Amino acid sequence: MLVSTIVIAALGITVERAVEIQFGLPGLIGLLILRIGMRKRNTSCTCVGATVLVMLALSVI
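Residues numbered from 1 in each chain as written. Predicted model: local features only at pLDDT ≥ 70, side-chain atom pairs only at ≥ 80, totals over all residues. Heavy atoms only, no water.

**Student:** So what exactly am I meant to see when it comes to the overall build of the chain here?
**Tutor:** What the chain contains, in helices and strands, is two helices and zero strands. Burial status across the chain gives 15% buried among its 61 residues. Put simply, 29% of the contacts in the chain that link residues at least 6 apart link residues at least 24 apart. Summing over all exposed atoms, the chain offers an accessible surface of approximately 4,800 Å²; the carbon and sulfur share of this is 74%. (Helix = DSSP H or I, 4+ residues; strand = E, 2+ residues; numbered from the N terminus. Buried < 20%, exposed > 50% of the residue type's maximum accessible area, 1.4 Å probe, protein only. Contact = heavy atoms within 4.5 Å. Areas by Shrake-Rupley, 256 points an atom, 1.4 Å probe, with all protein chains shown as cover.)

Structure follows, in structure tokens:
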């Protein structure tokens with residue numbers, strides 16, 4: 001149980017750092033909106049966060 005919690009926390013930190021490096025502040029804002037929407041089970045907020053991240057990813061390509 002403890003090991004899986006540590007692994008999940010490390011994965012979350014890694015994803016957050018990767019988004020910060022790749023997309024900067026807009027990426028962190030999109031990730032924050034997505035995370036808040038998922039925690040509060042608000043589909044509108046989740047969709048907005050996901051859309052921001054997808055648009056940032058498409059602009060890099």
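Back to the text.
**Student:** Explain helix α2 (residues 43-60) to me, please; I cannot follow it from the model alone.
**Tutor:** Note: α-helices contain 3.6 residues per turn, so residues at a spacing of three or four share the same orientation. For α2, with 18 residues, the first-to-last C-alpha span of 26 Å sits near the 26 Å given by 1.5 Å per residue. Capping the start of α2 is the job of one residue whose side-chain oxygen sits 3.1 Å from the backbone nitrogen of S44: N42. (Expected span 1.5 Å × (residues − 1). Polar contact = N/O pair within 3.5 Å; in protein donor to acceptor, adjacent residues only side chain to side chain.)

**Student:** Is there a simple way to explain unusual backbone geometry in this structure?
**Tutor:** Residues other than glycine predominantly adopt negative phi, and peptide bonds predominantly adopt the trans conformation. Despite not being glycine, R41 has its phi angle at roughly 55°, a positive value. Here R41 lies in the loop between α1 (2-39) and α2. Residue class for R41 comes out exposed when judged on its relative accessible area of 75%.

Function cannot be read off these values alone, since they describe shape.
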